[in-house]
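Descriptive analysis of the structure
Below are the chains, spelled out letter by letter.
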Amino acid sequence: MRPLSDDLAAAEAFHGHLCSGMIIGVRMARLALGWLGIEDPASYRDLVVYVEMDRCAADAVSVVSGCTLGHRRLKWMDYGKMAATFLDLATRRAIRVAAVGEHSPASGVNLKEFWQGVSDDDLFRTESVSVPLSPFDLPGRPLRTARCDKCGEKVLDGREVERSGQVLCRACASGSYYVSQAGRKEENDGVGAV
Ligand SMILES: [Zn+2]
Ligand SMILES: [Zn+2]
């Protein structure tokens, strides 16, 4: 495994700064790689990582583990927790690592030095877990492609849903995170707004 200083430098280069969250994310990933016995994550293709936060640490975990969203090897679970699970598809072994310590460096201290003084045992809770990964979530070609009966857009990877005989995308079935402005304009026009 490459030295900690190399991982910290790579994480900082990718993310743009080195904060406590980045250092924790780097160490989280290194701890898991060691536990799984993965020496060269850059060339290893069977690692899948679930990050439970969309903050600095997520980028650090991604850089150190070599797992990215686009390769389907980085899964984002929106738990708002400083934790991640590392799954080796080859062995099905998985470890969840959660940052549980109440350490907070005073402002102005050297962060690398501060965190060096906190051991993995003090910083993390680790647990061997199993992860029932669906075939639709695996890396590789999509197993299925569908088309939404309402909006007509293509839906990959079994994400379509059936509602009273119709095949729908999730947005059409249960509401989307975005609001169509075209629809709003029509509404406004309808009531004579400017
Ligand atoms: Zn940060
Ligand atoms: Zn749709």
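Everything numeric here is computed off the predicted structure, so don't read it as measured data.

Structural notes on the nonpolar core
- Of all hydrophobic cores here, the largest spans 36 residues; its most connected members are M28, V49, A57, A60, V61 and A84.
- Where this core is concerned, the elements lending two or more residues are α1 (4-15), α2 (20-36), β1 (47-51), α3 (56-65), β3 (83-88) and β4 (94-99).
- The element best represented in this core is α2, accounting for 9 residues.
- With near-sequence residues (within four places) excluded, V49 lies in contact with V61, S65, C67, R73, L74, A84 and F86.

Concerning α3
- Among the 10 residues of α3, 10 are classified as buried, and the element is accordingly described as predominantly covered.
- Regarding α3, the residues found buried are C56, A57, A58, D59, A60, V61, S62, V63, V64 and S65.
- Looking at the buried positions of α3, the neighbouring elements they touch are α1, α2, β1, β2 (74-76) and β3.
- G66 sits one or two positions beyond α3 and adopts a positive phi of about 75°.

Let's talk about the packing of α1 against α3
- Interaxial distance between α1 and α3 falls to 9 Å at its minimum, and their mutual angle equals 125°. Taken together, the axes of α1 and α3 lie oblique to each other. Crossing handedness for the pair α1 and α3: right-handed. Contact residues: α1 offers D7, A10, A11, F14 and H15, while α3 offers C56, D59, A60, V63 and V64.
- Grouping the amino acids of the contact of α1 with α3 by side-chain chemistry returns 7 nonpolar, 1 polar and 2 charged.

As for the sheet that holds β3
- The strand order across the open sheet formed by 5 strands is β2-β1-β3-β4-β5, and the pairing between neighbours is mixed. Of all the strands in the sheet, the pair left with one neighbour each is β2 and β5 (124-129). Put simply, the sheet's adjacent strands are angled 20° from each other on average, direction ignored.

Rules used in this analysis
All residue numbers refer to position in the chain's written sequence, counted from 1. Chain labels run from A onward and ligand labels from 1 onward, assigned in the order the entries are written. Restriction of local features to residues with pLDDT of at least 70 applies here, the model being predicted, together with a cutoff of 80 or more for giving and counting side-chain atom pairs; totals for whole chains, interfaces and linings are based on all residues. Any set of buried Ala, Val, Leu, Ile, Met, Phe, Trp, Tyr and Cys residues joined through C-beta atoms within 7 Å is what this text calls a nonpolar core. Exposed residues have 12 or fewer other C-beta atoms within 10 Å of their own C-beta, buried residues have 20 or more, and partly exposed residues fall in between, where C-beta atoms are placed from the backbone. Helix and strand definitions follow DSSP, with helices as H or I runs of at least four residues and strands as E runs of at least two, each counted in order from the N terminus. By the criterion used throughout, residues are in contact when their C-beta atoms, derived from the backbone, lie within 7 Å. Here an axis means a line fitted to C-alpha atoms, over the contact stretch when the element is a helix, while the angle between two N-to-C directions is reported on a 0 to 180 degree scale. Any angle from 65 to 115 degrees is called roughly perpendicular, while one under 35 is roughly parallel, one over 145 is roughly antiparallel, and all others are oblique. Should the near helix be turned counterclockwise from the far one by less than a right angle, the crossing is left-handed, whereas a clockwise turn marks it as right-handed. Residues were grouped as follows: Ala, Val, Leu, Ile, Met, Phe, Trp, Tyr, Cys and Pro as nonpolar; Asp, Glu, Lys and Arg as charged; and all remaining residues, including Gly, as polar. Any two strands are treated as partners once DSSP identifies two or more bridges connecting them.

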